[in-house]
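Architecture and fold: a report
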Amino acid sequence: MSRTLLIIHENPRVCMEILESTDWKKLDFSRTDMRFSYEEGRKAAQSYPYSLVLLDARIQGRSGLDLIRAVQGS
């Protein structure tokens, strides 16, 4: 079964480091997406059923947990 990944972090460089630090294809991830703001991350997570979401604990002064709650509530 193919997996999908969403990385949410304000710093694009951090997202790229996470993306490049692991061989996601070897782990059967067919899709890897990145978003760089709370709202972009929320919209992406609500619009696609990602297998794994990696996110920063604080995104633009907001809590990563708030983002998780917003997505679960949708």
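First things first, this report covers the structure right here in the doc. Since this is a predicted model, take the numbers as computed values, not measurements.

**Let's talk about the overall build of the chain**
When helices and strands are tallied, the chain shows three helices and five strands. Ordered by position in the sequence, the α and β elements of the chain form the string β-α-β-α-β-β-β-α. Here the C-alpha atoms of the chain give a radius of gyration of 12 Å, agreeing with the 11 Å that 2.2 N^0.38 yields for 74 residues. Residues counted as buried form 30% of the 74 residues belonging to the chain. Across the chain, contacts joining residues at least 24 apart in sequence account for 69% of those joining residues at least 6 apart. Surface summary for the chain: the accessible area is close to 4,800 Å², and the carbon and sulfur share equals 51%. Between the centroid of the 11 positive side chains of the chain and the centroid of its 10 negative side chains there is a distance of 4 Å.

**Here we look at unusual backbone geometry**
A positive phi angle, near 70°, is found at D28, a position not held by glycine. Phi at Q60 is positive, roughly 50°, even though this residue is not glycine. You can call Q60 partly exposed: its relative accessible area is 44%.

**Points about the nonpolar core**
Among the nonpolar cores identified, the biggest contains eight residues, and these are L6, I8, Y38, A44, A45, Y50, I59 and L67. Of all the secondary structure elements, the ones that give two or more residues to this core are strand 1 (3-8) and helix 2 (38-47). The element contributing the most residues to this core is helix 2, with three residues. The contacts of Y38, once residues within four sequence positions are left out, are I59, Q60, R62, S63, D66, L67 and A70.

Rules behind the numbers
Residues numbered from 1 in each chain as written. Predicted model: local features only at pLDDT ≥ 70, side-chain atom pairs only at ≥ 80, totals over all residues. Heavy atoms only, no water. Helix = DSSP H or I, 4+ residues; strand = E, 2+ residues; numbered from the N terminus. Rg over C-alpha atoms; globule rule 2.2 N^0.38 Å. Buried < 20%, exposed > 50% of the residue type's maximum accessible area, 1.4 Å probe, protein only. Contact = heavy atoms within 4.5 Å. Areas by Shrake-Rupley, 256 points an atom, 1.4 Å probe, with all protein chains shown as cover. Lys, Arg positive; Asp, Glu negative; His and termini not counted. Charge placed at Lys NZ, Arg CZ, Asp CG, Glu CD. Core = buried A, V, L, I, M, F, W, Y, C linked by side-chain atoms within 4.5 Å.

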